[in-house]
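# Structure at a glance
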Amino acid sequence: MAYTHSITVPLPYEQAVERTRQALAEQGFGILTEVDITATFADKLGPDAAADLGDYVILGACNPTLASRALAAEPQLGTLLPCNVVVRRGPDGQHTIIEAIDAQTMVRLSDSPQVREVADDADTRLRAALASLDHTGPAHPDSDPVH
């Protein structure tokens, strides 16, 4: 079962992180949290573990309007918020992989029509953000194309 939308872009890691932030902002998402997994691995597991992983950050994206609607429908959905977006260095170092949660995951966990509406809207916005990154150059969609 796929639970992410993924795209590979021909951008260096730092540039891909910045462009991802911009693309999410254009879709109404702010970044509530940022987890630098590489730094965490270096601190907790040592530099070799960090080097093996490579550059990897989790951006906790939130669209307040959508979050409000989701939590009003089902307060327990807070466990699925914010919408995580991963930016990680590709194996060749010349490309970066960006993965966003498939918001339809919420629908699989709830039968609420309100949750379905929120998930549809969030999914459309996350896919649009990834699609806009595809216009940075010749990209290589992975597992679940956003087109």
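The paragraphs below set out a description of the structure included in this document. Predicted model only: the values in this text are computed from it and were never measured.

Attention now moves to the overall build of the chain. The secondary structure content of the chain amounts to six helices and six strands. Overall, the chain shows an N-to-C arrangement of helices and strands of β-α-β-α-α-β-α-β-β-α-α-β. Considered along the principal axes of its C-alpha atoms, the chain spans approximately 45 × 35 × 30 Å. Counting across all 147 residues of the chain, residues that qualify as buried make up 43%. Long-range pairs, those at least 24 residues apart, make up 70% of the contacts in the chain between residues at least 6 apart in sequence. Accessible surface for the chain amounts to roughly 7700 Å². Of this, 54% is attributable to carbon and sulfur atoms. Both charge centroids of the chain, one from 10 positive and one from 21 negative side chains, sit 3 Å from each other.

Looking now at the environment of Thr20. Examined against the element boundaries, Thr20 turns out to sit in helix 1 (residues 13-26). We classify Thr20 as buried; its relative accessible area is 2%. C-alpha of Thr20 to C-alpha of Ser132: the two residues are 112 residues apart in sequence and 9.1 Å apart in space. With near-sequence residues (within four places) excluded, Thr20 lies in contact with Leu59, Val85, Val87, Ile98 and Leu133. A distance of 2.7 Å separates a polar side-chain atom of Thr20 from the backbone oxygen of Ala16.

Looking now at the packing of helix 4 (residues 64-73) against helix 6 (residues 113-134). Helix 6 packs onto helix 4 with a crossing angle of 155 degrees between their chain directions and a minimal axis gap of 9 Å. When the interaxial angle is binned, helix 4 and helix 6 end up roughly antiparallel. Like other packed secondary-structure pairs, helix 4 and helix 6 cross with a definite hand, here left-handed. On helix 6, the residues that touch Leu66, Arg69, Ala70 and Ala73 of helix 4 are Gln114, Val115, Glu117, Val118, Asp121, Ala122 and Arg125.

Another point: the pattern of salt bridges. Inspection of the entire model under this criterion finds eight salt bridges. A salt bridge links Arg21 to Glu34, with the shortest nitrogen-to-oxygen separation between them at 2.0 Å. Here Arg21 is found in helix 1, whereas its partner Glu34 is found in strand 2 (residues 30-36), with 13 residues between them in sequence. Overall, the relative accessible area of 25% leaves Arg21 in the partly exposed class. Between Arg127 and Asp123 there is a salt bridge; the shortest N-O distance is 3.3 Å. Here Arg127 and its partner Asp123 are both found in helix 6, four residues apart, which amounts to about one turn of the helix. Residue class for Arg127 comes out partly exposed when judged on its relative accessible area of 24%. What makes Asp123 buried here is its relative accessible area of 8%. A cluster of three or more residues bridged by salt bridges with shared partners is formed by Arg69, Glu117, Asp121 and Arg125.

This part takes up helix 2 (residues 37-45). The residue sitting at the N-terminus of helix 2 and contributing the capping side-chain oxygen is Asp36; that oxygen lies 3.2 Å from the backbone nitrogen of Thr38. Positive phi appears at Gly46, one or two residues downstream of helix 2, with a value of about 105 degrees.

What counts as what
- Positions within a chain are numbered from 1, following the residues in the order the chain's sequence is written.
- In view of the model being predicted, local features appear only for residues whose pLDDT reaches at least 70, and side-chain atom pairs are presented and counted only at 80 or more, with totals across whole chains, interfaces and linings using the full set of residues.
- Side-chain numbers here rest on the full set of heavy atoms in the structure, without hydrogens or water.
- Counting from the N terminus, the helices are the DSSP runs of H or I reaching at least four residues and the strands are the DSSP runs of E reaching at least two.
- Only protein chains enter the accessibility calculation, which uses a 1.4 Å probe; a residue whose area is less than 20% of its type maximum is buried, one above 50% is exposed, and one in between is partly exposed.
- In this description, contact between two residues means that some pair of their heavy atoms is separated by no more than 4.5 Å.
- Surface accessibility follows the Shrake-Rupley procedure with a 1.4 Å probe radius. Residue values consider only the protein chains on display as shielding.
- Neither His nor the chain ends contribute to the count of charged residues, in which Lys and Arg are positive and Asp and Glu negative.
- Taken as the charge centre is NZ of Lys, CZ of Arg, CG of Asp or CD of Glu, depending on the residue.
- Think of a polar contact as two N or O atoms within 3.5 Å of one another; within protein, one of them needs to be a possible hydrogen donor and the other a possible acceptor, and neighboring residues in sequence only count if both atoms come from side chains.
- The axes used here are C-alpha line fits, helices contributing only the stretch in contact, and every angle between their N-to-C directions lies in the interval 0 to 180 degrees.
- For classification purposes, angles smaller than 35 degrees are called roughly parallel, those larger than 145 roughly antiparallel, those between 65 and 115 roughly perpendicular, and all remaining angles oblique.
- Handedness of each helix crossing follows the sense of rotation of the near helix against the far helix: counterclockwise by less than a right angle gives left-handed, clockwise gives right-handed.
- Salt bridges are counted wherever a side-chain nitrogen of Lys or Arg sits within 4 Å of a carboxyl oxygen of Asp or Glu.

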